Amino acid sequence: MGKVALVTGGIRGIGGKISLHFLLENYQVIAIDTDADRLKEWVEIQQAAGFAKADAIRCDVSDYAQCQDAVGTLLKQYGHIDVLVNNAGITRDATLKKMDKSQWDAVIQVNLNSMFNMTKPVLDNMLANQRGRIINISSINGQKGQFGQANYSAAKAGVHGFTKALAQEVARKNITVNTISPGYINTEMMQAIPIDVLKTIVAQIPVGRLGEADEIAELVMYLSSDKAGFITGSNIAINGGQHMY
């Protein structure tokens, strides 16, 4: 069997493009989402397009037991996982003054705790095989912060620390761990923003446009390749120059 990639939040937006790029490179791809109907439809669409290696499994990445069960099921079926892309994320925006505990907890659980929930069971398999690639999708707002996103910014900043610590632990086992921090990307979510607000956002981006999900996916593919074996513990920003450091 060829290489196997597991992509959380892997059927829509940036995650959907990442899954598609893996399929184009003949990976066995398993997409994770919480909606079983959406997953079934995604697999049917991909297979109708000729991608026989598209698969999916329902899992709430904020639930450790569900993640253990899902990874266990996949390992029984496929034997190994070569690439894990931790992409799933949510927003529950509010200023801290107005934010309630449920908004804080939901974002921390899905965007940060999922790093542990998904990576722990996958890492055991990678360590046994002494190879692997782990790619964590953070955000520009985890670097610079964002008004009304104390929960989201805190979680995405935590992804950076998680990446750097884990990268040191597993580097000698031929496992790399890296973070990608996208800026504003041209997804369905962005397209739903009122045009006047969108123009304001684009005006803050030095290259003068939104990023494309394909640009994120291409970097994921590079970091997943053998050519990127000397890159680990890194955060790579793709934000059109909006935030430089």
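Above this text you will find the structure in question.
Residues numbered from 1 in each chain as written. Predicted model: local features only at pLDDT ≥ 70, side-chain atom pairs only at ≥ 80, totals over all residues. Heavy atoms only, no water.

## Some words on the nonpolar core
Working step 1: Ranked by internal contacts, the top residues of the largest apolar core, which has 29 residues, are Ile18, Phe22, Trp42, Val85, Ile180 and Val220.
Working step 2: Taken together, the elements giving at least two residues each to this core come down to strand 1 (4-8), helix 1 (13-24), strand 2 (28-33), helix 2 (36-48), strand 4 (83-86), strand 5 (132-137) and helix 9 (213-224).
Working step 3: Of the residues forming this core, the biggest block, seven residues, is contributed by helix 9.
Working step 4: For Trp42, the residues in contact, after removing those within four places along its chain, are Gly10, Ile11, Ser19, Leu23, Val29, Ala31, Ala54, Asp55 and Ala56. (Core = buried A, V, L, I, M, F, W, Y, C linked by side-chain atoms within 4.5 Å. Buried < 20%, exposed > 50% of the residue type's maximum accessible area, 1.4 Å probe, protein only. Helix = DSSP H or I, 4+ residues; strand = E, 2+ residues; numbered from the N terminus. Contact = heavy atoms within 4.5 Å.)

## Observations concerning unusual backbone geometry
Working step 1: We note that Gln130 has phi near 55 degrees; this positive angle belongs to a residue other than glycine.
Working step 2: In this structure, Gln130 sits in the loop between helix 4 (101-129) and strand 5.

## Re the sheet that holds strand 3 (residues 54-58)
Working step 1: Strand order in the open sheet formed by seven strands is 3-2-1-4-5-6-7, and the pairing between neighbours is parallel. A strand with exactly one partner marks an edge of an open sheet, and here the two such strands are strand 3 and strand 7 (235-238). Between one strand and the next, the sheet's axes are offset by a mean angle of 20 degrees, whatever the strand orientation.
Working step 2: Bridge analysis of strand 4 against strand 5 gives four bridges, and the strand direction is parallel. Across the sheet, the residue bridging to Asn86 is Asn136, located in strand 5.
Working step 3: The sheet strands contacting helix 1 are strand 1, strand 2, strand 3, strand 4, strand 5 and strand 6 (175-182), and the helix crosses strand 1 at an angle near 170 degrees.
Working step 4: Sheet strands touched by helix 6 (residues 150-170): strand 5, strand 6 and strand 7. Its angle to strand 6, the strand with the most contacts, is close to 160 degrees. (Pairing = 2+ DSSP bridges. Axes fitted to C-alpha atoms, helices over the stretch in contact; angles between N-to-C directions.)

## Quick look at the pairing of strand 3
In the case of a regular strand, side chains alternate between the two sheet surfaces.
Working step 1: Pairing of strand 2 with strand 3 involves five bridges; the strand directions are parallel. Counterpart to Ile30 in the pairing with strand 3 is Asp55.
Working step 2: One crossover worth recording links strand 2 to the parallel strand 3 by way of helix 2, and it is right-handed. (Right-handed = clockwise from strand over helix to strand, strands pointing away.)

## A short note on the environment of Ile201
Working step 1: Its location among the elements puts Ile201 in helix 8 (residues 195-203).
Working step 2: We classify Ile201 as buried; its relative accessible area is 12%.

## Examining the side chain of Gln46
Working step 1: Structurally, the position occupied by Gln46 is in helix 2.
Working step 2: With a relative accessible area of 12%, Gln46 lands in the buried category.
Working step 3: Apart from residues no more than four positions distant in its own chain, Gln46 is found in contact with Leu20, Leu23, Phe51 and Ala54.

## Concerning the pattern of salt bridges
Working step 1: Evaluation of the coordinates by the stated rule reveals nine salt bridges.
Working step 2: The residue Asp82 makes a salt bridge to Arg131 at a minimum N-O spacing of 3.1 Å. Within this pair, whereas Asp82 is found in the loop between helix 3 (64-78) and strand 4, its partner Arg131 is found in the loop between helix 4 and strand 5, the two being separated by 49 residues in sequence.
Working step 3: Note that Asp105 and Lys101 form a salt bridge whose closest N and O atoms lie 2.8 Å from each other. Of the two residues, Asp105 and Lys101 both sit in helix 4, four residues apart, roughly one turn of that helix.
Working step 4: In this structure Asp105 comes out as partly exposed when scored by relative accessible area, which is 29%.
Working step 5: On the accessibility criterion, Lys101 (58% relative accessible area) is exposed. (Salt bridge = Lys/Arg side-chain N within 4 Å of Asp/Glu carboxyl O.)

Keep in mind that these numbers describe shape and distance, not what the molecule does.
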